[in-house]
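Per-entry structural report
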Amino acid sequence: MVPMTRIDRYKNIWALVALLLLAGWLNPRLVMAAPRLSSQYYCLIDAESGQYIHGKNANVERPMASTTKMMTAILAVEYTSLDEVAVVTANADRTAEYTIGLQAGQKLPVGELLKVALIRSANDAAVVLAEHVAGDEKFFAYLMSKKALLIGAANTRFQNASGLPAKNHYSTAYDLAQIGRYAIAKPVIQELVSTVQTTFKHPAYLEPLTIRNTNAGLLAGYKGADGIKTGTTNDAGQCLVASSTRGDRSLIAVALNSNNRQGDCIKLMDYGYQSTTRQKLLDHQESFKTLKVNNGEPAWVEVVTADDVWLWLGEDTDNIEKIVRLHYNLDAPVMRDQVLGEADIYINDRYFQSVALVSQNHIGQQPWLVQRLLKQWIENIRAGRNDPIGS
């Protein structure tokens, strides 16, 4: 027999690898490690469910610059119609840069103001919207903060509609992701923030102005990119709330005080698409717990979740916690699908969702005679007698 050379062994190894790949035994899908970013304050969430996927210092309060305008647009869409006409006040006229050059007394439709505020990030347009909705920018900022709280952005406070630097004007990467998610659920906002270039009907010009999105680089250069908002000030640094959609999946990435906001958000979204998988955490058909039912026939009930719970999981999703609240003292009868409690799901110490815990089957009540005999038998045992009927 001729001895096998080292080259022959290598050939055999590579041939085996090729066969395994062809057979589908090895998965050639690229899996990325958690990305390293220039930003120290970032977050990635699933746009459909709002689930937190990955981040760093995502709950640290930071200046947010013009990402503020997402909330300005939300309130404008919810409290006005696009064809309403707003008047530029002297206060709006004095707004600091960047502005589109609106002057006191000019009149514009709300739709045009939204367009230039979101696409070109015009501060004066944001102030005009605020004053049109609430009569006063300070009161509008108060409404913005209340709205943030209502949609789950609990660590966010607004002092103005534009994002210009102000004391106690702050948000977090996680909160901005949730605000962005809420904003793009509104079709008019989604359409505007996904627009690379369009025209703006400035009241001082005969011809419409061409305006280009401050987020044009991402929108034109990243597959599936469709939003959302940039922001830049000296205090906040470069900020970006980005979104993209591929197939039936959408992601939202946030990078604050970044040296490369577009690159950071691209890395986050690449990680989400390439290195996270949707996995079933809880199956509504599988028993979650078994509980004793007083006077039940049968005596035990299987507890299940009312719905399946799915999560997007990556390599750094290392802490999934379920906090359970159940009614342990159950009396028959128990109806099928009767709510017996609730489970709260936390991912990396962040609340995700709650799911009801219900009975899987119907538990009837023991017949009266059986209950009486069982009670008598227990009393007899306690009294040291073995006769089940106490004769």
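Residues numbered from 1 in each chain as written. Predicted model: local features only at pLDDT ≥ 70, side-chain atom pairs only at ≥ 80, totals over all residues. Heavy atoms only, no water.

Thoughts on the overall build of the protein
For clarity, the cut-off: Helix and strand definitions here come from DSSP, where helices need a minimum of 4 consecutive H or I residues and strands a minimum of 2 consecutive E residues; each element is numbered from the N-terminal end. Buried means the residue's accessible area, taken with a 1.4 Å probe over protein chains only, is under 20% of the maximum for its type, while exposed means over 50%, and partly exposed covers the values in between. Throughout, a residue-residue contact means that at least one pair of heavy atoms, one from each residue, lies within 4.5 Å. Each accessible area is a Shrake-Rupley result for a 1.4 Å probe, and residues are judged covered by the shown protein chains and nothing else.
The number of helices and strands found in the protein is 11 helices and 19 strands. The burial tally for the protein puts 45% of its 391 residues in the buried class. Counting only contacts in the protein whose residues sit at least 6 apart along the sequence, the fraction spanning at least 24 positions is 61%. Accessible area for the protein stands at about 20100 Å²; split by element, carbon and sulfur atoms hold 52% of it.

Focus: the pairing of strand β9 (residues 249–258)
Filter applied, for reference: By definition, two strands form a pair when at least two bridges between them are found by DSSP.
Within β9, eight of the 10 residues are buried, leaving the element largely enclosed by the surrounding structure. The pairing of strand β1 (residues 41–46) with β9 spans six bridges and is classified as antiparallel. Residue Ile45 lies in a different strand from β9, and its bridge partner there is Ile252. Pairing geometry for strand β8 (residues 237–246) and β9, over eight bridges, is antiparallel. Each residue of the ladder has a partner; that of Leu240, found in β9, is Ala255.

Re the packing of aromatic side chains
Under the convention used in this document: Classification of ring pairs rests on two measures: the distance between centres of Phe, Tyr or Trp rings, Trp counted by its six-membered ring, which must be within 6.5 Å, and the angle between planes, read as stacked under 30 degrees, edge-to-face over 60 and tilted in between. Note on geometry: a ring has a charge over it if NZ (lysine) or CZ (arginine) is within 6 Å of the ring centre and within 35 degrees of the ring normal.
Scanning all chains against the criterion turns up three aromatic pairs. For the pair Phe139 and Tyr142, a centre-to-centre distance of 6.0 Å together with 15° between the ring planes defines the contact as stacked. Taken together, the positions of Phe139 and Tyr142, both in helix α6 (residues 137–150) and three residues apart, correspond to about one turn of that helix. Seen in terms of ring centroids, Tyr346 and Tyr351 are 5.6 Å apart; in terms of plane orientation they differ by 70°. Their pairing is edge-to-face. Residue classification places Tyr346 among the partly exposed residues on the basis of a relative accessible area of 23%. Take Tyr351: its relative accessible area is 42%, and that puts it in the partly exposed class. The positively charged end of Arg350 is found above the aromatic ring belonging to Tyr52, 4.0 Å away from the centroid.

Digging into the pattern of salt bridges
Condition: The term salt bridge refers to a side-chain nitrogen of Lys or Arg lying within 4 Å of a carboxyl oxygen of Asp or Glu.
One pass over the structure, following the stated rule, counts seven salt bridges. Across the pair Lys186 and Glu78 runs a salt bridge, and its minimum N-O distance is 3.0 Å. Taken as a pair, Lys186 in the loop between α7 (173–184) and α8 (187–193) and Glu78 in helix α2 (residues 69–79) lie far apart in primary sequence, 108 residues in all. The exposure class of Lys186 is buried, given its relative accessible area of 18%. Residue Glu78 is classed as partly exposed on the basis of its relative accessible area of 30%. Of the charged contacts, one joins Asp283 and Lys280 as a salt bridge, the two residues approaching to 3.4 Å between their closest N and O atoms. Ionic contacts of the salt-bridge type, sharing partners, join the residues Glu78, Lys147 and Lys186 into one network.

Focus: helix α10 (residues 261–275)
Convention followed: How far a helix is expected to stretch is found by multiplying one less than its residue total by 1.5 Å.
In a regular helix each residue adds 1.5 Å, so 15 residues correspond to 21 Å; α10 covers 21 Å between its end C-alpha atoms and thus fits that length. Burial of α10 is extensive: 11 of the 15 residues sit out of reach of the surface. Burial in α10 covers these residues: Arg261, Gly263, Asp264, Cys265, Leu268, Met269, Asp270, Tyr271, Gly272, Tyr273 and Ser275.

Some details on the sheet that holds strand β2 (residues 52–56)
Hydrogen bonds between backbone atoms are what pair the strands of a sheet, whose relative direction is either parallel or antiparallel. Test applied: Angular values range over 0 to 180 degrees, each being the angle between N-to-C directions of two axes fitted as lines to C-alpha atoms, with helices fitted over their stretch in contact.
The sheet built from five strands is open, its strands ordered β2-β1-β9-β8-β7 with antiparallel pairing. Sheet topology places β2 and β7 (225–233) at the edges, where each strand pairs with a single neighbour. On average, adjacent strands in this sheet sit at an angle of 5° to one another, irrespective of strand direction. Across the sheet, α10 is in contact with β1, β2, β7, β8 and β9; its angle to β9 comes to roughly 145°.

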